[in-house]
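What follows is the residue order along each chain.
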Amino acid sequence: MDQKIGFCTVDDGVRICYATVGEGPPLVKAPNWLTHLEFGWQSPVWSHWWEELARNHFLVKFDQRGSGLSDREVEDISFEACVCDLETVVNHLGLEEFVLLRISQGEAAAIEFTARHPERVSKLILYGACVRGSLKRGESREEFDARQILVRRGWGRDDPSYRQMFTSRFMPEATAEQADWFNELQRVSTSPENASRIQTMSSNIDVLDRLPLVTVPTLVLHAVLERQVPFEQGRQLGALIPDARIVPLERRNHLLLETEPAWQRCVSEI
């Protein structure tokens, strides 16, 4: 099974790279913080997701602006721009109705798109999602600024020690192979400056008031013991989206690995 790479252009001139694979009803996976369509295709962290999702669906993925194979030199990295990127990709592919999936950051754009276009989203799947960014839910400015310094100074270095901090938060139970790959993904996915800009944008997101406007059937999957996005965020999604069902997953990793028992539960629920 091979993915096909294509490009489309947003109204502000930014080129977005997307990939399609599989056949069947369309399923659109909104981009998370760290993506690179080529580097992530055969991956010890992500490949099981793509194989499973494309088994019975026409799977669409894309790199968000400023990262991966999409344009890196962009003026606007904002929440509204992320929504426009999603709208542009699905319009370019002529998708009138589809399942929308969000995994690990990108939920705000998915929620906003669904609130604006409920007739186009048949079902919404939110995995490890948050209602508010870290600064909106109480992270200290001192801690956030310290992390930003590490990103800007260490993100692009060959030495992965700076990036290991993020890997440990995303996957504390990763194998050495998985951790090494995720460390390298951070380096190749975007520049230090863009990583900082994307983090700043996502840390200030707040879509709490948009949740009651999401009227499509919604599945919320969330790890109970993870540190990156506390389970309380998933609980809020399940409580405030009218037609939502939450499935707690007993695990510590933010990213769901194929070797974890929760993976089969996740597949079954989806």
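To be clear, the structure that these remarks concern was listed above.
Residues numbered from 1 in each chain as written. Predicted model: local features only at pLDDT ≥ 70, side-chain atom pairs only at ≥ 80, totals over all residues. Heavy atoms only, no water.

Draft legend 1. Structural detail: the sheet that holds strand β2 (residues 15–21). Reading across the sheet, the eight strands line up as β1-β2-β4-β3-β5-β6-β7-β8 and stay open at both edges, with mixed pairing between neighbours. Only two strands of the sheet have a single partner each, and these edge strands are β1 (4–9) and β8 (244–249). Pairwise comparison of adjacent strand axes, ignoring direction, gives a mean angle of 20° for this sheet. Here four bridges tie strand β3 (residues 26–30) to strand β4 (residues 58–62), and the two strands are oriented parallel to one another. The residue bridging Pro26 from the neighbouring strand is Phe58, located in β4. (Pairing = 2+ DSSP bridges. Helix = DSSP H or I, 4+ residues; strand = E, 2+ residues; numbered from the N terminus. Axes fitted to C-alpha atoms, helices over the stretch in contact; angles between N-to-C directions.)

Draft legend 2. Highlighting the environment of Pro160. The topology assignment puts Pro160 in the loop between α4 (141–154) and α5 (161–170). Distance from Pro160 to Trp181, taken between C-alpha atoms, is 10 Å for residues 21 residues apart in sequence.

Draft legend 3. Main features of the pairing of strand β6 (residues 121–127). Most of β6 is tucked away: five of the seven residues are buried. Of the pairings in the sheet, the one linking strand β5 (residues 98–103) to β6 comprises six bridges and is parallel in character. If you follow Arg102 over to β6, its bridge partner there is Leu126. Two elements, β6 and strand β7 (residues 218–223), share four bridges in a ladder whose sense is parallel. Each bridged residue has a counterpart across the sheet, and for Leu126 the counterpart in β7 is Val220. (Buried < 20%, exposed > 50% of the residue type's maximum accessible area, 1.4 Å probe, protein only.)

Draft legend 4. Looking closely at the packing of α4 against α5. Interaxial distance between α4 and α5 falls to 9 Å at its minimum, and their mutual angle equals 130°. It follows from the interaxial angle that α4 and α5 lie oblique. Here α4 and α5 pass one another in a crossing that is left-handed. Seen from α4, the contacting residues are Arg147, Leu150, Val151 and Gly154; seen from α5, they are Tyr162, Arg163, Met165 and Phe166. Among the residues forming the contact of α4 with α5, the class breakdown is five nonpolar, one polar and two charged. (Parallel < 35°, antiparallel > 145°, perpendicular 65-115°, else oblique. Left-handed = near helix turned anticlockwise from the far one by under 90°. Contact = heavy atoms within 4.5 Å. Nonpolar A, V, L, I, M, F, W, Y, C, P; charged D, E, K, R; others polar.)

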